[in-house]
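Here is what each chain is made of, one letter per residue.
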Amino acid sequence: MSDNKLTKKLLTKLLRSLKNYDVKLFKLSASEKNKSFSVANKIIQQLLKKNFNRSDCLIAFGGGILGDLSAFI
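All values derive from a computational prediction rather than experimental measurement.

1. Quick word on the overall build of the protein chain
Right, on to step 1. For the protein chain, the count of helices and strands is three helices and two strands.
Right, on to step 2. Start at the N end of the protein chain and walk to the C end: the helices and strands fall as β-α-β-α-α.
Right, on to step 3. Here the C-alpha atoms of the protein chain give a radius of gyration of 12 Å, agreeing with the 11 Å that 2.2 N^0.38 yields for 73 residues.
Right, on to step 4. The principal-axis extent of the C-alpha atoms belonging to the protein chain is close to 30 × 25 × 15 Å.
Right, on to step 5. Here the protein chain holds 73 residues, and 22% of them are scored as buried.
Right, on to step 6. Counted over contacts in the protein chain with a minimum sequence separation of 6, partners at least 24 positions apart contribute 74%.
Right, on to step 7. For the protein chain, the exposed area adds up to about 5600 Å²; of that, 54% sits on carbon and sulfur atoms.

Take a look at the structure:
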C-alpha cells in the first residue's frame, strides 16, 4: 500500500528494490476517512482475488494511517 502523495522517485526506488518479487501496488490517500472497515474490506477482497495468503507480505509505504490500516488488514 502506498500513499498517493509519495513522489514517483521514492515509489520507483521501492519497486526497484523489490524487483525479484511479484509486487501488487495499492495506492490510496492517507486520510482518516480511509481508515475504516469498508476500505479495509475492499483491500482484503482485492488481495484475495490476487491469491494473497499467509506467506505473502503487506508493506505500508507512507505514514501512520497506512501503517494502521495495513496492520489491521
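2. Here we look at unusual backbone geometry
Right, on to step 1. Backbone geometry places Asn 51, a non-glycine residue, at a positive phi of 60°.
Right, on to step 2. On the secondary structure map, Asn 51 appears in the loop between helix H2 (37–49) and helix H3 (64–72).

3. As for the nonpolar core
Right, on to step 1. Judged by nonpolar contacts, Met 1, Phe 26, Leu 28, Val 39, Ala 40, Ile 43, Leu 47, Leu 66 and Leu 69 together constitute the single largest core of nine residues.
Right, on to step 2. Residue assignment for this core shows that the elements contributing at least two residues are H2 and H3.
Right, on to step 3. In terms of residues, this core owes the most to one element, H2, which gives four residues.

4. Topic: the confidence of the model for the protein chain
Right, on to step 1. Mean pLDDT over the protein chain works out to 88, with 100% of the residues at or above the 70 mark.
Right, on to step 2. Confidence, read as mean pLDDT per element, is least for strand S1 (residues 2–3) in the protein chain (76) and greatest for H2 (93).

5. Comments concerning H3
Right, on to step 1. For H3, every residue scored as buried is listed here: Ile 65, Leu 66, Leu 69 and Ser 70. Seen along its axis, H3 keeps its buried residues to an arc of 125°; they face one direction. Of the residues in H3, the exposed ones pointing more than 90 degrees away from the buried face are Gly 64, Ala 71 and Phe 72.
Right, on to step 2. On its buried side, H3 packs onto S1, strand S2 (27–28) and H2.

Analysis parameters
- Residues numbered from 1 in each chain as written.
- Predicted model: local features only at pLDDT ≥ 70, side-chain atom pairs only at ≥ 80, totals over all residues.
- Heavy atoms only, no water.
- Helix = DSSP H or I, 4+ residues; strand = E, 2+ residues; numbered from the N terminus.
- Rg over C-alpha atoms; globule rule 2.2 N^0.38 Å.
- Buried < 20%, exposed > 50% of the residue type's maximum accessible area, 1.4 Å probe, protein only.
- Contact = heavy atoms within 4.5 Å.
- Areas by Shrake-Rupley, 256 points an atom, 1.4 Å probe, with all protein chains shown as cover.
- Core = buried A, V, L, I, M, F, W, Y, C linked by side-chain atoms within 4.5 Å.
- pLDDT = per-residue confidence, 0-100.
- Arc of directions from axis to C-beta.

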